[in-house]
Amino acid sequence: MDANIKRSIILDNYEDKTNRMDIEDTSYIKHNSRNVSCIDNINLYIKINNNTIEDLKFNGEACVISTSTTAIMCKLLKGKTIKEAIDIIKNYDSMIEEKEYNQELLKEANVFDDIYKQPSRKKCATLTWHGLLEELNKYE
Amino acid sequence: MNREDFPMLKKEIVYFDNGATTLKPDAVKNAIIDYYENYSANAHRGDYKISMIVDEKYEKTRSKIKEFINAKEDSEIVFTSGTTDSINLIVNSYFRQHLKKDDEVLITYSEHASNILPWFVLQQEIGIKVNYIKLDESYEVTLDNVKKAITNNTKVISLAHITNVVGDVRPIKQIAKLAHENNILLVVDAAQSIAHTKVDVTDMDIDFLAFSAHKIYGPTGIGVMYAKFSLLDKMKPRNYGGGMNAIFTKDGYIELREVPTRFEAGTPNIEGVIGLSAAIDYVNNIGIDKINKYEQDLKKYLLEELSKLDFIEVYNKNAKGSSVAFNIKNIFAQDTAVYLDKYNICIRAGNHCAKILNEAIRVNNTCRIVISFYNTKEEIDLLINVLKNSKNIWNEIL
């Protein structure tokens, strides 16, 4: 993918407020993802029904990479079954770690396929994905 | 000034993260190499010449530190692994024994974690109370607010001399006077001040002091705890073993060595002490007052230049230390740091270990510059230029 296109997808999602809000509704699971070594701090709000992610929202204070990838994740995984979501997260992880992965599953999240070039930002790119995985694993 | 003494400055970096650690001059490195190449032996053990040299250098450093902070006795200087270690030693080896349930310690929201968490643990374990001195609108400590926070149960005030986020300089001498009038002991965290301004424990009448060598151009892993002799003598060693005992017998009898040796069990960080010694010589050769003047002038220049940029917010314009906390408006601090790093400009982004201050000022993360004497106007001009072009930040970092 062209670097300019990637950049504009990252920035569009960084600015996108669709899924960016705090949720008071207690039917959502609240998960705090915090990167102690840097300073990202994001709350995920996860609503699960019938083994499906019915809704996924987030809010917090974080860098451009963390924020953008979380926005993409919310869009991508909303409506997916827990099993499907875990599979996508594992593929995303493989991409970040430069292993084989299914590009088609990741849609816009493919924009982070060269984040390995900035090792210090890998954690930013995976912080909330790992937070969500932790919650989903409780259902498996 | 003195840039030629710092090999790291030949690497085309602009190093502004002096609050985290300082770069090391050749003199420090050479002193450590000299130890390993020419008299590498243990301390306090020797019956042979090179070991005697170690002993002499080790104890001379104590004496040098005593003079540097104007303590009364060499024996008031204890070597630790750094500020965190020193404060933990003060809290656990003195206050744990001398405070009781409901006694109060006064700190502030802007202390470093190292001067908060050890007190929290005493709060949990022996029931002391941790109370906060209110900060004024510039997040500074006023004598008046210290007075208001003191109660009949206040037994200790524990403050940074200069804080690591705001960079405000506390009126330590006046606080000490007020504390002592009320039978309160004063602990001072000098981590952020020791390299920038004169710290005089006698003039300021400080009871306990902590600092790290690596923030004053020395090596990592070595620091100093100062305590007035009468207090030090009442402290309980935290480590028992070699070097700190005078006699022990099979029935469990132990007689400890004198102060301060009883607090330095085991083989000490000899290379650290020797490196610290060289660092103190280095700073003394320039002169701490000259350093202070240079850094203050340069900080003033930095603030003037930053104030010309309307997209920059500075959070501590009034602070008297050598630090500047800022953000590019609407840009997350870490993104700014990554952007500046593209130009080899090293700054710190984060909460700077002052998490409860951030709750109070509602700015979680800032970019922080702490000026050192090796920084220059040219470096600041470069920073300002890069900031001026920061509308390109996303093209640069994504």
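Residues numbered from 1 in each chain as written. Chains lettered and ligands numbered in written order. Predicted model: local features only at pLDDT ≥ 70, side-chain atom pairs only at ≥ 80, totals over all residues. Heavy atoms only, no water.

**Quick look at the sheet that holds strand β14 (residues 348-350) of chain B**
Residue and element names in this part refer to chain B.
Alright, step 1. Across the sheet, which stays open at both edges, the four strands sit in the order β11-β12-β15-β14 with antiparallel pairing between neighbours. With partners counted over all chains shown, the strands left at the sheet margins are β11 (312-314) and β14, one partner each. Averaged over all adjacent pairs, the angle separating strand axes in this sheet is 35°, with direction ignored.
Alright, step 2. As defined by bridge partners, β14 adjoins strand β15 (residues 366-370) across three bridges and the pair is classed as antiparallel. Counted as the bridge partner of alanine 349 is cysteine 367 from β15. (Pairing = 2+ DSSP bridges. Helix = DSSP H or I, 4+ residues; strand = E, 2+ residues; numbered from the N terminus. Axes fitted to C-alpha atoms, helices over the stretch in contact; angles between N-to-C directions.)

**A short note on the interface of chain B and chain A**
Alright, step 1. Counting from both sides, the interface comprises 14 residues of chain B and, opposite them, 15 residues of chain A.
Alright, step 2. Between chain B and chain A, roughly 1300 Å² of surface is buried when both sides are summed, and carbon and sulfur atoms account for 56% of that area.
Alright, step 3. It is Phe332(B), Gln334(B) and Leu398(B) that lose the most area in chain B upon contact with chain A, and together they represent 45% of the buried surface on that side.
Alright, step 4. Across the chain B-chain A interface, the total number found is one salt bridge.
Alright, step 5. One salt bridge in this structure joins Arg121(A) and Asp335(B), with 2.8 Å as the shortest N-O distance.
Alright, step 6. If you look at where chain B meets chain A, you find four residue pairs in polar contact (both at pLDDT 80 or more).
Alright, step 7. Its residues assigned to classes, the side of chain B that touches chain A comprises six nonpolar, seven polar and one charged. (Contact = heavy atoms within 4.5 Å. Buried area = accessible area lost by both parts, 1.4 Å probe. Salt bridge = Lys/Arg side-chain N within 4 Å of Asp/Glu carboxyl O. Polar contact = N/O pair within 3.5 Å; in protein donor to acceptor, adjacent residues only side chain to side chain. Nonpolar A, V, L, I, M, F, W, Y, C, P; charged D, E, K, R; others polar.)

**Observations regarding the pairing of strand β3 (residues 104-107) of chain B**
Residue and element names in this part refer to chain B.
Alright, step 1. Burial along β3 is two-sided: Glu104 and Leu106 and Val105 and Ile107, pointing in opposite directions, are all buried.
Alright, step 2. In this fold, the crossover linking β3 to strand β4 (residues 129-132) by way of helix α4 (residues 117-126) has right-handed handedness.
Alright, step 3. One ladder, built from three bridges, connects β3 with strand β5 (residues 154-160); its direction is parallel. Among the inter-strand pairings, valine 105 is bridged to a residue of β5, identified as valine 156. (Buried < 20%, exposed > 50% of the residue type's maximum accessible area, 1.4 Å probe, protein only. Right-handed = clockwise from strand over helix to strand, strands pointing away.)

**Details of the domain arrangement of chain B**
How big an interface is tends to be stated in terms of the accessible area lost upon association of its parts.
All names here are of chain B.
Alright, step 1. Its domain assignment divides chain B into domain 1 (3-24 + 287-397) and domain 2 (26-285).
Alright, step 2. A straight line from the C-alpha centre of domain 1 to that of domain 2 covers 28 Å.
Alright, step 3. With 40 residues of domain 1 in contact, the opposing surface of domain 2 contributes 35 residues.
Alright, step 4. Both faces considered, domain 1 and domain 2 share a buried interface measuring about 2900 Å² in area, 56% of it formed by carbon and sulfur atoms.
Alright, step 5. Viewed at the interface, domain 2 and domain 1 are joined by zero salt bridges.
Alright, step 6. Along the contact surface separating domain 1 from domain 2 lie 20 residue pairs in polar contact (both at pLDDT 80 or more).
Alright, step 7. Counting only elements with at least two residues in the side of domain 1 that touches domain 2, the list comes to α9 (288-307), β12 (323-328), α11 (355-361) and β15.
Alright, step 8. With five residues, α9 is the single largest residue contributor to the side of domain 1 that touches domain 2.
Alright, step 9. Looking at side-chain class alone, the side of domain 1 that touches domain 2 contains 19 nonpolar, 14 polar and seven charged residues. (Domains from an automatic or database assignment.)

**A word on unusual backbone geometry**
Residues and elements named next belong to chain B.
Alright, step 1. Residue valine 259 is joined to proline 260 through a cis peptide bond whose omega torsion reads 5°.
Alright, step 2. Tracing the sequence through the fold places proline 260 in the loop between β10 (254-256) and α8 (270-286).
Alright, step 3. Backbone geometry at asparagine 2 places phi at a positive 55°, although glycine is not the residue there.
Alright, step 4. As for its placement among the helices and strands, asparagine 2 is situated in the segment before β1 (14-15).
Alright, step 5. Classification of asparagine 2 as partly exposed rests on a relative accessible area of 25%.
Alright, step 6. A positive phi angle is found at aspartate 102, which is not glycine, with a value near 75°.
Alright, step 7. In this fold, aspartate 102 is placed in the loop between α3 (83-98) and β3.

**Quick word on the packing of aromatic side chains**
Residue and element names in this part refer to chain B.
Alright, step 1. Inspection of the entire model under this criterion finds 19 aromatic pairs over all chains.
Alright, step 2. Measuring from centroid to centroid gives 4.8 Å for phenylalanine 6 and tyrosine 374, while their planes differ by 65°, and the two rings are edge-to-face. Of this pair, phenylalanine 6 sits in the segment before β1 while tyrosine 374 sits in the loop between β15 and α12 (377-388), placing them 368 residues apart in sequence.
Alright, step 3. Taking relative accessible area as the criterion, tyrosine 374 reaches 0% and is therefore assigned buried. (Phe/Tyr/Trp six-rings, centres within 6.5 Å; stacked < 30°, edge-to-face > 60°.)

**Brief notes about the pattern of salt bridges**
Residues and elements named next belong to chain A.
Alright, step 1. Under the defined criterion, the tally for this structure stands at 36 salt bridges over all chains.
Alright, step 2. We note a salt bridge from lysine 78 to aspartate 55, for which the minimum N-O separation is 3.5 Å. With lysine 78 in the loop between α2 (64-77) and α3 (82-96) and aspartate 55 in strand β3 (residues 52-61), this residue pair connects regions lying 23 residues apart in the sequence.
Alright, step 3. Of the residues examined, lysine 78 reaches a relative accessible area of 40% and is grouped as partly exposed.
Alright, step 4. Among the charged side chains, a network of salt bridges with common partners joins Lys6, Asp113, Asp114 and Lys117.

**Concerning α4(B)**
Residue and element names in this part refer to chain B.
Alright, step 1. Those residues of α4 lying buried are Pro118, Trp119 and Leu122. Viewed end-on, α4 has its buried residues packed into an arc of 100°, placing them on one side of the element.
Alright, step 2. Against α3, β3, β4, β5 and β6 (185-189) lie the buried residues of α4.
Alright, step 3. Glycine 127 sits one or two residues past α4 and shows a positive phi near 80°. (Arc of directions from axis to C-beta.)

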